[in-house]
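Chain residues, written in single-letter form:
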Amino acid sequence: MVSVCMYFQVHQPNRLRRYSFFDIGRDHFYEDDDKNCGILRKVANKCYLPTNQVMLDLIKRHGGRFRIAYSLSGTAVDQLRKFSPETLDSFKRLVDTGCVEILSETYNHSLAFLYSKAEFHRQVDLHREMVRREFGVTPTAFRNTELIYNNDIAAEVERMGYKVILAEGADRVLGWRSPNFVYQPDPCAKLRLLLKNYRLSDDVAFRFSNRGWPEWPLTAEKYASWVHQVNGNGETVNLFMDYETFGEHQWADTGIFEFLSAMPAAILAHPDFTFHTPSEVAEGSSPMAKLDVRDFVSWADVERDLTAWRGNPMQEDALEAIYGLEKRVLEKGDPDLARVWRSLQTSDHFYYMCTKWFADGDVHKYFNPYPSPYDAYINFQNVLGDFETTLAG
């Protein structure tokens with residue numbers, strides 16, 4: 001029996017307002033609530049609410065045979081609670097079916113592991129408590145921000161008690177191996193490793209509406225036939241993608257919702273295929289082999305490394321500056337200051353400073369609210385200047 005494991009990332013950053021040098025010392029509110037509210041409601045109406053309804057219908061239609069997983073960042077849940085509580089309730093209804101798993105991650109979708117393991121632990125704990133409070137479940141599976149992964153992260157996550165971790169199935173990680181098996185991180189004794197099948201995932205996430213793609217239009221039956229080819233040469237097909245794929249990145253008029261609605265039945269038409277969540281796949285499979293991943297890998301851009309966030313001196317400077325404040329923030333013992341500090345750690349702030357404008361330029365421009373990476377850096381540094389003034393006060 002081959003499992004199809006569908007995992008979706010749900011994340012929204014707290015975008016900063018335009019903050020000038022002359023605001024430093026005068027205005028201590030950094031976030032653009034109007035923009036954050038507007039974007040969240042737009043995405044909720046185009047993606048979250050209609051897709052959640054499709055998922056709920058699929059779970060009911062297939063009598064529990066259709067199973068999926070989400071990771072919702074803490075910042076996304078905060079915004080849903082504040083700007084679109086009906087959307088948060090629709091995610092809770094999905095979890096209540098018993099067919100949906102919620103994963104752990106860092107609360108602020110941050111790069112904390114790269115700079116402070118203590119802060120990484122604190123943010124994972126905050127996220128786990130949020131999941132328990134909002135959804136009534138305790139996560140047993142973990143995904144790090146943007147699927148950033150290596151041996152050290154796996155070892156730390158195993159020590160934290162998780163059973164399975166998700167990562168990108170990059171070619172340089174796998175070599176001749178297939179992403180369609182369960183692996184074990186090299187330094188771990190129990191933790192299971194699930195790797196994204198990026199070709200099949202990107203067929204939906206990136207290529208679905210591309211009329212220049214030789215396989216366009218992609219039908220549920222055609223896609224299911226590609227998935228079925230794994231039979232006899234794999235035990236899990238891991239389809240990991242942003243949830244905003246449905247209705248936001250691939251608009252409704254592309255037929256993405258009709259595809260999603262028909263795809264599970266087409267896959268389940270083969271008697272050797274079923275759907276499982278990450279923890280269910282891990283429990284039902286033995287590792288095919290140990291996998292030694294010493295360098296960092298992520299699911300970002302064609303390089304699938306850290307250069308989307310740490311690829312130039314502006315990004316490095318901003319990251320060193322925000323994490324360099326850890327001791328001073330914690331010594332204050334002020335929950336509001338800690339909340340602001342953590343919000344400024346969100347990886348998107350550093351993604352906006354990325355200067356890779358070649359093959360990935362369109363992707364970075366789509367998500368970037370600034371005219372240029374330099375504007376993103378100056379705005380962030382102005383905010384940080386005021387935050388440091390507040391800390392000194």
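This is a predicted model, so every value here is computed, not measured.

A. Up close: the pairing of strand S2 (residues 68–72). The buried count for S2 comes to five of five residues, which makes it a mostly enclosed element. The two faces of S2 match: Ile68, Tyr70 and Leu72 on one face and Ala69 and Ser71 on the other face are all buried. Two elements, strand S1 (residues 2–10) and S2, share five bridges in a ladder whose sense is parallel. Within the sheet, the bridge partner assigned to Val10 lies in S2 and is Leu72. Running through helix H1 (residues 33–61), the crossover from S1 to the neighbouring parallel element S2 is right-handed. Both S2 and strand S3 (residues 100–102) contribute to a ladder of three bridges, which runs parallel. Counted as the bridge partner of Ile68 is Val100 from S3.

B. Representation of the packing of aromatic side chains within the structure. Tallied over the entire structure, the rule returns 24 aromatic pairs. Ring centres 4.9 Å apart and planes at 85° place the aromatic pair Tyr70 and Tyr243 in the edge-to-face group. Within this pair, whereas Tyr70 is found in strand S2, its partner Tyr243 is found in the loop between strand S8 (236–242) and helix H9 (256–268), the two being separated by 173 residues in sequence. Neither Tyr70 nor Tyr243 differs from the other in exposure class; each is buried. Judged by centre distance (6.1 Å) and plane angle (70°), the rings of Trp213 and Trp226 are edge-to-face. Of this pair, Trp213 sits in the loop between helix H7 (198–205) and helix H8 (220–228) while Trp226 sits in helix H8; the two residues are 13 residues apart in sequence, bridging distant segments of the chain. According to the relative accessible area criterion, Trp226 is buried, its value standing at 19%. Three or more aromatic residues joined by ring pairs form one cluster here, namely Phe8, Tyr48, Tyr70, Phe91, Tyr243 and Phe246. Arg143 extends its terminal NZ or CZ atom over the ring of Trp299, reaching a point 5.5 Å from the ring centre.

Procedures and definitions
Residues numbered from 1 in each chain as written. Predicted model: local features only at pLDDT ≥ 70, side-chain atom pairs only at ≥ 80, totals over all residues. Heavy atoms only, no water. Buried < 20%, exposed > 50% of the residue type's maximum accessible area, 1.4 Å probe, protein only. Helix = DSSP H or I, 4+ residues; strand = E, 2+ residues; numbered from the N terminus. Pairing = 2+ DSSP bridges. Right-handed = clockwise from strand over helix to strand, strands pointing away. Phe/Tyr/Trp six-rings, centres within 6.5 Å; stacked < 30°, edge-to-face > 60°. Lys NZ or Arg CZ within 6 Å of the ring centre and 35° of its normal.

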